[in-house]
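Each chain, letter by letter, is given below.
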Amino acid sequence: MDTAEDSGPTSAGAAEEPIDEGGEPETDGPAPQETQAGSTQPTVQAQAKVSATASYDYTAMAKYAEKHWKNYNSNYRKFNDVGGDCTNFISQALRAGGWKNNTGWYKSYKNWWYNSSNQTTSWINVNYWASFALHSDRAYNLDNVYKLGIGDILQMDFSGNRSKDHSMITTYKSNGVPYLTYHSTNTYRKSVKSLVAQYPRATYYAFRT
């Protein structure tokens, strides 16, 4: 049983989960390949977060996500009706914590930006976001979902076809259990433990930011 109750609404099943559609990144050559994370809770708690860079404000990321998980930020466009808003949401939170625009062609996984009229595919698409994060060295993969720290990203592949479907950001951690906040099925602090129990056949990809 979880050490703390989930504080927000959750979905009833995989069929109701939001997905980011759009396919795999291919522009500019083969994209970086992420590695799968284990989902078994370790007997020893993970050590303190060792960040991809020292320049990010992880508290700001979490505060942004927990402020806007339900009350969407009107400064950004919504993508709920065109594939899902979950990756758009984590991109906003990462920007709030210090991720800067990386300019270039909007369809290239090597670029990441948002402006008043357009955004890169990597800003809104789960697979392109992962490719950008690894290519740019703004993130690296963790080998277990329980190692997620504040500001880290968890992505899921519900069907196991290596095309990821959903993005979430870690906004809280208690007794070694990360809690995730995300859009589309707007959810506040859903525990990794309950997520894995709900979707035991899913594939998980954990990203240290």
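Just so it is clear, the structure is predicted and the values come from calculations on it, not from any experiment. (Residues numbered from 1 in each chain as written. Predicted model: local features only at pLDDT ≥ 70, side-chain atom pairs only at ≥ 80, totals over all residues. Heavy atoms only, no water.)

Engineer: Please give an account of the pattern of salt bridges that cites residues and values.
Structural biologist: Per the stated rule, a full pass over the model turns up 5 salt bridges. In this structure, E34 engages R162 in a salt bridge whose closest nitrogen and oxygen atoms are separated by 3.7 Å. One end of the pair, E34, is in the segment before α1 (58–68); the other, R162, is in the loop between β2 (153–157) and β3 (166–174), and 128 residues separate them in sequence. By relative accessible area, R162 is classed as partly exposed at 38%. Note that E34 is salt-bridged to K164, the shortest N-O span being 3.0 Å. One end of the pair, E34, is in the segment before α1; the other, K164, is in the loop between β2 and β3, with 130 residues separating them in the sequence. An identical accessibility class is assigned to E34 and K164; each is buried. Taken together, the shared-partner salt bridges in this structure form one network comprising E34, R162 and K164. (Salt bridge = Lys/Arg side-chain N within 4 Å of Asp/Glu carboxyl O. Helix = DSSP H or I, 4+ residues; strand = E, 2+ residues; numbered from the N terminus. Buried < 20%, exposed > 50% of the residue type's maximum accessible area, 1.4 Å probe, protein only.)

Engineer: Now, about the pairing of strand β5 (residues 187–191): what can you tell me, with residues and values included?
Structural biologist: Burial runs high along β5: 4 of the 5 residues are buried. Connecting strand β4 (residues 177–182) to the next strand, β5, in antiparallel fashion are 4 residues, including S184 with a positive phi near 90°. (Pairing = 2+ DSSP bridges.)

Engineer: So what's going on with the packing of aromatic side chains? Residues and values would help.
Structural biologist: Applying the stated criterion across every chain yields a total of 15 aromatic pairs. Taking 6.1 Å as the distance between ring centres and 15° as the angle between the ring planes, the aromatic pair formed by W112 and F132 counts as stacked. Of this pair, W112 sits in the loop between α2 (86–96) and α3 (121–124) while F132 is found in helix α4 (residues 126–135), placing the two residues 20 residues apart along the sequence. W112 sits in the buried class, given a relative accessible area of 0%. Taken together, the ring pairs connect Y56, Y58, Y76, W99, W112, Y114, W123, W129, F132 and F207 into an aromatic cluster. Between K78 and the ring centre of Y72, over which it is positioned, the NZ or CZ distance is 5.0 Å. (Phe/Tyr/Trp six-rings, centres within 6.5 Å; stacked < 30°, edge-to-face > 60°. Lys NZ or Arg CZ within 6 Å of the ring centre and 35° of its normal.)

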